[in-house]
Amino acid sequence: MSRIVVAGAVIDAGRLLLAQRARPEHLAGLWELPGGKVEPGETTAEALRRELDEELGVEVTVGEAIGAPVEVAAGVDLVALRAELVTGTPQPREHLAIAWVDADELAALCARGVVVPADTAWLPDLDALLRGE
Ligand code: 9L3
Ligand code: MG
């Protein structure tokens, strides 16, 4: 059976929330859309709400999927969902840092190779959202 990892595209005032991974070693220091593994019995939306609470201390409402799922390992699909902050200010509880980036900053980070490779697949979709299309 395939496993799902869910990642959140939190956008506020034209900026996207990125989080800098602390682990594992080969991803440490790279920026990602925060999230994690969907547990048995959870919907992707429920998993994203739990992960963003655990990782960043925020409550979100979850919206539609963005882009296409990315296979991050054999039988493991990564999906991105839009999310909106309801309460709380994101704090990096499990990451090294967080950052709010605009479309140009996101493109520059991807070009520098400092974004988790799987997440770079969503650059065109994120770019369109950030530019308000
Ligand atoms: N992953 C990739 N991009 C992301 C997320 C949230 C996760 N935006 C990959 C990294 C890990 C796996 O999925 O190999 C599980 O994620 P986590 O539970 O370690 O955050
Ligand atoms: Mg995570």
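This report concerns the structure included in the present document. Since this is a predicted model, take the numbers as computed values, not measurements.

Conventions we followed
Residues numbered from 1 in each chain as written. Chains lettered and ligands numbered in written order. Predicted model: local features only at pLDDT ≥ 70, side-chain atom pairs only at ≥ 80, totals over all residues. Heavy atoms only, no water. Donors = N, O, S within 2.8 Å, 3.2 Å for Na, K, Ca; no water. Helix = DSSP H or I, 4+ residues; strand = E, 2+ residues; numbered from the N terminus. Buried < 20%, exposed > 50% of the residue type's maximum accessible area, 1.4 Å probe, protein only. Polar contact = N/O pair within 3.5 Å; in protein donor to acceptor, adjacent residues only side chain to side chain. Contact = heavy atoms within 4.5 Å. Pairing = 2+ DSSP bridges.

**Details of the coordination of the magnesium ion (ligand 2)**
Thinking step 1. Those donors, G35 (O) and E55 (OE), are the protein atoms that reach the magnesium ion (ligand 2), and they lie 2.1 Å from it. Residue G35 is located in strand β4 (residues 35-37), and its partner E55 is located in helix α1 (residues 44-56); the two are separated by 20 residues in the primary sequence.
Thinking step 2. With a relative accessible area of 7%, E55 lands in the buried category.

**Some points on the environment of D127**
Thinking step 1. Mapped onto the elements of the fold, D127 is located in helix α3 (residues 123-130).
Thinking step 2. For the pair D127 and A19, spaced 108 residues apart in sequence, the C-alpha to C-alpha distance is 17 Å.

**Looking at the side chain of H95**
Thinking step 1. Position of H95 relative to the elements: it lies in the loop between β6 (76-87) and β7 (97-101).
Thinking step 2. Polar contacts involving the side chain of H95 include one to the side chain of E32, which spans 2.7 Å.
Thinking step 3. Excluding residues within four positions of it along the chain, H95 makes contact with A19, Q20, R21, E32, P34 and E55.

**Some words on the pairing of strand β2 (residues 15-20)**
Thinking step 1. Summarising burial for β2: 5 of the 6 residues are buried, a large majority.
Thinking step 2. As defined by bridge partners, strand β1 (residues 3-12) adjoins β2 across 2 bridges and the pair is classed as antiparallel. Counted as the bridge partner of I11 is L16 from β2.
Thinking step 3. Connecting the antiparallel pair β1 and β2 is a turn made up of 2 residues, with A13 showing a positive phi of about 50°.
Thinking step 4. Looking at chain direction, β2 and β7 are connected through 5 bridges and run antiparallel. Bridging from a neighbouring strand, Q20 pairs with A97 of β7.
Thinking step 5. Note: β2 against strand β3 (residues 31-32), 2 bridges, orientation antiparallel.

All we've got here are geometric facts, nothing functional implied.
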